[in-house]
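Residues per chain, in single letters:
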Amino acid sequence: MDGKSLIDGAWCAGQETFGSSPASGEPRDYHAGTPAMVADACTAAEAAFESFGCSSADERAVFLERIADEIERRGDAITEIAMSETGLPAARLEGERGRTTGQLRLFADHIRKGDYLDRRHDPALPDRQPLPRPDLRLIQRPVGPVAVFGASNFPLAFSTAGGDTASALAAGCPVVVKGHPAHPGTGEIVAEAIDAARRVCDLHPGVFSFVHDGGTAVGAALVRDPRIRAVGFTGSLRGGRALFDLCAARPEPIPFFGELGSVNPVFLLPAALGRRGTEIAKGWAASLTMGAGQFCTNPGLAFAVAGEAADTFVASAADALRGIAPQTMLTQAMADVFCDGRDRIAGLAGVGTVVSTGSAGRQAGPHLFRADAETFLGHEALRDEVFGPLGVVVTLDSAEDMIEIARSLEGQLTATLHMGDADRPLARRLLPILERKAGRLLANGFPTGVEVADAMVHGGPYPASTNFGATSVGTLAIRRFLRPVCYQDMPEGLVPHLA
């Protein structure tokens, strides 16, 4: 690695550098990206779109598969640098690498089938009265160059070659990635793999560019560039909202597909809580602390009717959490923000601390708090995501209160019902409310672990995401980077992709 950005097929150095902040090992210097680099990358992407946007599905599928192959060839090097930069264990990174290559190959299979094109044909009716109908053919076409912002918590599956990049390339859109400063070396190696695949497939060098972080100026330049036609982002509400506003303020606004996280409420219905409370508590604690709680689907809120069963649940969850050692967070900044969120909740009137374990430096231990419904409704901070191993149990006076609590929630990525057969009447009342609040509804499970599949939805109403009709995981993600085009009375063979 030489710490450079990949622009139009060439590795470019900037005048200034920034140092990485690894969890272990020595820091490295990287050339900071610049707005000028962004402009060059976008110019190249626009030039590449003329050919890549008209390429066949099979050509793009071969490219995606080759990217997966090149990533696997660099597997050991990727794991080594990613472990150093993020503190994540080898097993987690190897699994995430498998997910990354798997979704690349999934999109290759998906576009070969052709269903994503949504072809529609209304044949001409020349004899129709009072007016004839022309021949109309509809097909989905790529929107143009796409900007992708690497995510901090998934250095592979949501970053340089992650789902946003895979789905945009599958659609026929060149991609410009802004690397995340938390794992610049990981991003650079993956960018090298993509470029190697691009060379083997003899594609225009502007099909993919990678710009190292250079502060907010680089991100702003990327979303403002008039050649960028859509943006994919996974990150914080604050950062995502700022970029969303920049996209909307452009002379020609563009869609911003931001996944911004949520608290992912869990509803513990009475019959299930009474029969399986201890079992559910152990599963919830494990989900809450998975990966140091640094998942956007982390189930940070649990609602239960007050009583003996709820007390047992809280006690069982507390026992499980006390047995979980502190874990390394992805960056020092994230650890600091986690501690700020923990202290903010601990200081709220009416909130009781059940478990408070050690958190120092980049190490974060589990924390558990308890509040009643009145306290929850009175403190907006209890609805905010705390990115880390922290959960809040809210006890309610009655099952009826669950209906009102559900109505009060903002948009979420997920919502979960733990229920038994006797809980079905209450579940039927909750579901119509929760399906307006979340993109994925679970029964008797835990939301961490997002399956990459045709039917998956990873998104939800704001503030979980900025576009409730989209998903950033699963094959439907390709629709974000396509637009419908109707061809009227177009001669056969002139537009090959209509065949």
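Bear in mind that the values here come from a model prediction, so they are computed numbers and not experimental data. (Residues numbered from 1 in each chain as written. Predicted model: local features only at pLDDT ≥ 70, side-chain atom pairs only at ≥ 80, totals over all residues. Heavy atoms only, no water.)

Quick look at the overall build of the protein chain
Let me state the cut-off plainly: Helix and strand definitions follow DSSP, with helices as H or I runs of at least four residues and strands as E runs of at least two, each counted in order from the N terminus. Radius of gyration: over C-alpha atoms. The globule rule applied is 2.2 Å multiplied by the number of residues raised to the 0.38 power. Burial status follows relative accessibility: with a 1.4 Å probe on protein chains alone, a residue under 20% of its type maximum counts as buried, one over 50% as exposed, and anything between as partly exposed. Should any heavy atoms of two residues lie within 4.5 Å, those residues are considered in contact. Computed with a 1.4 Å probe, the accessible areas rest on the Shrake-Rupley method; for each residue, only the protein chains presented here act as cover. Only four residue types enter the charge count, namely Lys and Arg as positive and Asp and Glu as negative; His and the chain termini do not. A single reference atom marks each charge: NZ on Lys, CZ on Arg, CG on Asp, CD on Glu.
When helices and strands are counted, the protein chain shows 14 helices and 21 strands. Against the globule reference of 23 Å for 499 residues, the protein chain gives a C-alpha radius of gyration of 24 Å, in line with a compact fold. A principal-axis box enclosing the C-alpha atoms of the protein chain has dimensions of 70 × 70 × 40 Å. Within the span of the protein chain, comprising 499 residues, buried residues form 55% of the whole. A sequence separation of at least 24 residues applies to 77% of the contacts in the protein chain between residues at least 6 apart. Of the roughly 20,000 Å² of accessible surface on the protein chain, a fraction of 52% belongs to carbon and sulfur atoms. If you average the places of the 46 positive and of the 59 negative side-chain charges in the protein chain, the two averages end up 3 Å apart.

Structural notes on the environment of isoleucine 345
Within the secondary structure, isoleucine 345 is located in helix 11 (residues 332-346). Classification of isoleucine 345 as buried rests on a relative accessible area of 2%. For the pair isoleucine 345 and histidine 121, spaced 224 residues apart in the sequence, the C-alpha separation amounts to 57 Å.

What about the sheet that holds strand 21 (residues 482-488)?
Under the convention used in this document: A pair of strands is labelled paired if DSSP reports no fewer than 2 bridges between them. Helix axes are fitted only over the stretch in contact, all axes being lines through C-alpha atoms; the angle between N-to-C directions runs from 0 to 180 degrees.
Read from one edge of the open sheet, three strands run 5-6-21, paired in antiparallel fashion. Strands with a single pairing partner mark the edges of an open sheet, and in this sheet they are strand 5 (120-122) and strand 21. The mean angle between the axes of side-by-side strands here comes to 25°, regardless of whether they run parallel or antiparallel. As judged from the three bridges shared by strand 5 and strand 6 (residues 136-142), these two strands associate in the antiparallel manner.

Remarks on the sheet that holds strand 17 (residues 367-372)
Ordered in space as 15-17-18-13-12-19-20, the seven strands form an open sheet in which the pairing is mixed. The open sheet has two edge strands with one neighbour each: strand 15 (352-356) and strand 20 (438-443). Here the strands of the sheet are splayed against their neighbours by 20° on average, with no regard to which way each runs. Here strand 13 (residues 301-305) runs beside strand 18 (residues 390-396); their pairing, made up of five bridges, is parallel. Within strand 18, the residue paired with phenylalanine 303 across the bridge is valine 394.

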